[in-house]
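Chain and residue survey
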Amino acid sequence: MYSIINTVLQIQTDKMIPIAKPILGKREKDLVLEVLSSGTIAQGSKVKEFEDKFAKYTGTKHAVATSNGTTALHMALLAHGIGKGDEVITTPFTFIASANSILYCNAKPVYADIEESSYNIDPEKVKEKIRKKTKAIMPVHLYGNPADMKALMEIAEDNKLAVIEDACQAHGAQYNGKKVGSYGTGAFSFYPTKNMTTGEGGMVTTDDGSIAERLRMLREHGSKVRYNHEILGYNYRMTDIAAAIGIAQLERLDGFNEARISNADYLSRKLKGIDGLTTPRLNKGVKHVFHQYTIKINGTFPVDRDKLAEILKDAGIGTGIHYPVPVHKQPLYKKLGYKDNLPVAEKVTKQVLSLPIHPSLTTKDLNHIANTIKEVAEKR
Ligand SMILES: *Cc1c(COP(=O)(O)O)cnc(C)c1O
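Before going into details, it helps to say that this report is about the structure given with it.

Parameters and conventions
Every chain is numbered independently, its residues counted from 1 as its sequence is written. With pLDDT at 70 or above as the cut-off, local features in this predicted model cover only qualifying residues; side-chain atom pairs require 80 or more to be listed or tallied, and sums for whole chains, interfaces and linings still use all residues. The side-chain figures draw on all heavy atoms in the structure; neither hydrogens nor water molecules are used. Pairing of aromatic rings covers Phe, Tyr and the six-membered ring of Trp, with a centre-to-centre limit of 6.5 Å; geometry is then stacked below 30 degrees between planes, edge-to-face above 60, and tilted otherwise. Counting from the N terminus, the helices are DSSP H or I runs at least four residues long and the strands are E runs at least two residues long. The buried label applies to any residue whose accessible area, calculated with a 1.4 Å probe on protein chains only, is under 20% of its type's maximum; exposed applies above 50%, and partly exposed to all values in between. Salt bridge, as used here, is a side-chain nitrogen of Lys or Arg placed within 4 Å of a carboxyl oxygen of Asp or Glu. Near is defined per residue: the residue qualifies when any heavy atom it owns lies within 4 Å of the molecule or strand. For this analysis, a polar contact is any N or O atom pair within 3.5 Å, provided that within protein one partner can donate a hydrogen and the other can accept it, and provided that sequence-adjacent residues contribute only side-chain to side-chain pairs. Each accessible area is a Shrake-Rupley estimate made with a 1.4 Å probe; only the visible protein chains count as cover when residues are assessed. In the scheme used here, Gly and all other residues not listed as nonpolar or charged are polar, with Ala, Val, Leu, Ile, Met, Phe, Trp, Tyr, Cys and Pro taken as nonpolar and Asp, Glu, Lys and Arg as charged. The arc in question is traced by the directions running from the helix axis to the C-beta atoms. In this description, contact between two residues means that some pair of their heavy atoms is separated by no more than 4.5 Å.

Thoughts on the packing of aromatic side chains
Two aromatic rings are characterised by how far apart their centres lie and by the angle between their planes. One pass over the structure, following the stated rule, counts 14 aromatic pairs. Ring geometry for phenylalanine 50 versus phenylalanine 54: centroids 6.1 Å apart, planes at 75°, classification edge-to-face. Placement of the pair is phenylalanine 50 and phenylalanine 54 together in helix H3 (residues 45-58), with a separation of four residues, close to one helical turn. Assigned by exposure class, phenylalanine 50 and phenylalanine 54 land together as buried. On the basis of an interplanar angle of 75° and a centroid distance of 4.9 Å, the ring pair of phenylalanine 54 and phenylalanine 188 is categorised as edge-to-face. Taken together, the residues span a long stretch of sequence, with phenylalanine 54 in helix H3 and phenylalanine 188 in strand E8 (residues 185-189) at a distance of 134 residues. Residue phenylalanine 54 shares its accessibility class with phenylalanine 188, and that shared class is buried.

Here you go:
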């Protein structure tokens, strides 16, 4: 009896296609075991090695590892001197960490609406929000799709603003042949759902040596020399155990990304031309690494977004809504007095649906996803 129940459960879990799935293998295990045998498990030589390799990969002079993507964003802002009274322009259509990292600095997030085609911050809307207090712009490369960095870097230069790229979803993504995180100061996350993982972990990338030095101090309770604390800092260190996983994952990142891109191509070809369904659109000159593959459902599709998610779930397909509520409409920000009207972000939160796109998907999985959606579309 027990084994029958077990088999049934096994079949059910096998059948469900998850929205995200980290891939960890022998190389990760070997490197972690090496760290465990070495005796140094907190920040040590593996973190340094991971930083050097990540900087080289991103094409930046420096990379500073942190405890997660949120602390990477917090440190990046602090390193640029963002503080009380300052304003940072960012997108309302992102994970809340982007905006909250600005609040941690006692600065104010100011929201600029997004472009509907890319879901990324609209440079024209950024221009409208610039005031005397504006100190930085924080674009987010949402879903692994690079923001319009040419326009944003020009705006930043014209107005002497720092650029903190939230690249937490975009490891390896490129804009005009250059990796994201190398335009401004980049912040990455290695949470298990991201394109590469360390369990928890983060990284800040920069070409500026003085910013890198400040980042290393902020990570280490404000000290360059042990027990000499020059500024208010934090314990935002990464462990060597996490870095060991990161080194192995970085070796496989391009392969992971190619699989995501190829899965996305496949789905987009299958879902082409369905009335009321928009597949991801690529801007010119970008390499999108498909952290998420997000479709948009409008009124001409037979069912609404939530109903489609339900149908997919019943067919054993996990989906995600990134994101159901724009940041300025979150209870926290409403309590802080935000009353923005950002129509594009507010509209698409009701229409977007992310489908599984991770590297472990089989052609059978992809066909099942596409065919389930096509069946719904044909019932109009
Ligand atoms: C994941 C993520 C973060 C935060 O990273 P954590 O490692 O979870 O702290 C920040 N911004 C965006 C856009 C993210 O997707």
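A look at the pattern of salt bridges
Tallied over the full model, the rule gives 22 salt bridges. Put simply, aspartate 122 and lysine 125 hold a salt bridge, and the shortest N to O gap is 4.0 Å. By relative accessible area, which is 29% here, lysine 125 ends up partly exposed. A salt bridge links arginine 237 to glutamate 220; the shortest N-O distance between them is 2.9 Å. Remark: glutamate 220 occurs in the loop between helix H8 (209-219) and strand E10 (223-225) and arginine 237 occurs in the loop between strand E11 (228-229) and helix H9 (240-270); sequence separation between them is 17 residues. Given the relative accessible area of 31%, arginine 237 is considered partly exposed. Through salt bridges with shared partners, a single ionic network connects Glu34, Lys46, Glu49 and Lys53.

Looking at the site of the ligand
Contacts to the ligand come from 14 residues, most closely from Gly69, Thr70, Asp166, Ser189 and Lys194. In this structure, an oxygen atom belonging to the ligand sits 2.7 Å away from a side-chain N or O atom of serine 189. Interatomic distance of 2.7 Å between a side-chain N/O atom of lysine 194 and an oxygen atom of the ligand. For the ligand, the accessible surface in isolation is 380 Å², of which the surrounding protein chains cover 92%. Looking at the shell around the ligand, the elements with two or more residues in it are helix H4 (69-79) and helix H5 (97-104). Here the shell around the ligand gets three residues from one element, more than from any other, and that element is H4. Here the shell around the ligand is composed, by residue class, of five nonpolar, seven polar and two charged.

A short note on helix H7 (residues 149-158)
Among all positions in H7, only Met149, Ala151, Leu152, Ile155 and Ala156 are buried. When H7 is viewed along its axis, its buried side chains cluster within an angular range of 160° and face the same direction. The exposed set on the far side of H7, more than 90 degrees from its buried face, consists of Glu157 and Asp158. Structurally, H7 contributes buried residues whose contacts are with helix H6 (123-129), strand E4 (134-138), strand E5 (162-166) and strand E6 (174-175). Downstream of H7 by a residue or two, lysine 160 has a phi angle that is positive, lying close to 50°.

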